[in-house]
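# Close look at the chain arrangement
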Amino acid sequence: MHRARAALLLTAFYPDVLPVLEKHCLRCHRDGESAPMALDTYEKARPYARAIRHAVLRRSMPPWFADSKPREFANDPRLSDAEIDIIKRWSDNPKSQGTPRAAVFTEAHLKPDITFAMPAPFHVPAQGTVDYQHFIVPTNFTTDRWIQAIEVRPSA
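Presented here is an overview of the structure given in this document. (Residues numbered from 1 in each chain as written. Predicted model: local features only at pLDDT ≥ 70, side-chain atom pairs only at ≥ 80, totals over all residues. Heavy atoms only, no water.)

### Regarding the overall build of the chain
The condition that has to hold: Helix and strand definitions follow DSSP, with helices as H or I runs of at least four residues and strands as E runs of at least two, each counted in order from the N terminus. Summary of the burial criterion: residues with accessible area below 20% of their type's maximum are buried, those above 50% are exposed, and those between are partly exposed, where the area comes from a 1.4 Å probe applied to protein chains only. Contacts are assigned to residue pairs with any non-hydrogen atoms lying within 4.5 Å of each other. Per-residue and other accessible areas were derived by the Shrake-Rupley procedure at a 1.4 Å probe size, with only the shown protein chains allowed to occlude residues.
What the chain contains, in helices and strands, is five helices and zero strands. Its helices and strands taken in sequence order, the chain reads α-α-α-α-α from the N to the C terminus. Per-residue burial over the chain gives 23% buried out of 156 residues. Looking at the chain alone, contacts between residues at least 24 apart form 58% of all its contacts between residues at least 6 apart. Surface accessibility of the chain: about 12,600 Å² in total, with carbon and sulfur atoms responsible for 56%.

Below, the structure written as structure tokens:
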């Protein structure tokens, strides 16, 4: 009886964990994005199983800085208790992979209306201290605009 119950609690990466990562994490945690590691395959995520567990249990990932106590937000990226439990169970036995499949990620967040580039590159020296920098990026807007989101993508 206990063996059957334990088997039901095993969680595999592809059928159980990847859907959670697709929904909450791959916006940043995929190749070419802002996070320091991609988590879109078992091979990429497996070395970080304990770190992923720690981050979701602390609720530091995915980041969410709004005070949700007075109300709920439609775009709240935080994991549910059930999703956290999935990550926790998988990290307890990260050898469980499941049948591999490609991650599916759709750009569910806003597409930019406009993008800007720095007028000139700023080179950061390999050593030493860099004084505070203030960059002005011309927008060429002729009227005031409401900015709903901004993303800064540094290059190499």
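Don't stop here, the text continues.
### Some words on the packing of aromatic side chains
Inclusion rule: Working definition: a ring pair exists when centres of Phe, Tyr or Trp rings (six-membered ring for Trp) sit within 6.5 Å. Plane angles under 30 degrees give stacked, over 60 give edge-to-face, the rest tilted.
The full count for this structure, using the stated rule, is six aromatic pairs. Relative to Y14, the ring of F13 lies with its centre 5.0 Å away and its plane at 90 degrees, an arrangement referred to as edge-to-face. The pair formed by F13 and Y14 is uniform in burial state, with each residue classed as buried. When the centroid spacing of 5.3 Å and the interplanar angle of 65 degrees are considered together, the rings of F122 and F135 count as edge-to-face. In this pair, F122 is assigned in the segment after α5 (81-92) and F135 in the segment after α5, connecting sequence segments 13 residues apart. Among the residues examined, F135 registers a relative accessible area of 40% and is labelled partly exposed.

### A look at the pattern of salt bridges
Using the following cut-off: In the sections that follow, a salt bridge refers to a side-chain nitrogen of Lys or Arg positioned within 4 Å of a carboxyl oxygen of Asp or Glu.
For the structure shown, the criterion picks out eight salt bridges. Here E33 ties to R30 by a salt bridge, and the two come within 3.7 Å at their closest N and O atoms. Note on R30: relative accessible area 19%, which makes it buried. Linked through salt bridges whose partners overlap, the residues forming this network are D31, D40 and K44.

### Some thoughts on α5
Spelled out, the test is: Multiplying one less than the number of residues by 1.5 Å gives the expected span of a helix.
The first and last C-alpha atoms of α5 sit 16 Å apart over 12 residues, in line with the 16 Å expected at 1.5 Å per residue. The inward-facing, buried residues of α5 abut α2 (13-24), α3 (42-45) and α4 (49-58).

### Considerations on unusual backbone geometry
Looking along the chain, the bond that leaves M61 and enters P62 is cis, with omega of -10 degrees. Among the secondary structure elements, P62 is positioned in the loop between α4 and α5. For R59, which is not glycine, the phi torsion reads 60 degrees and is therefore positive. Assignment of secondary structure puts R59 in the loop between α4 and α5. For N140, which is not a glycine, the phi torsion comes out positive at approximately 65 degrees.

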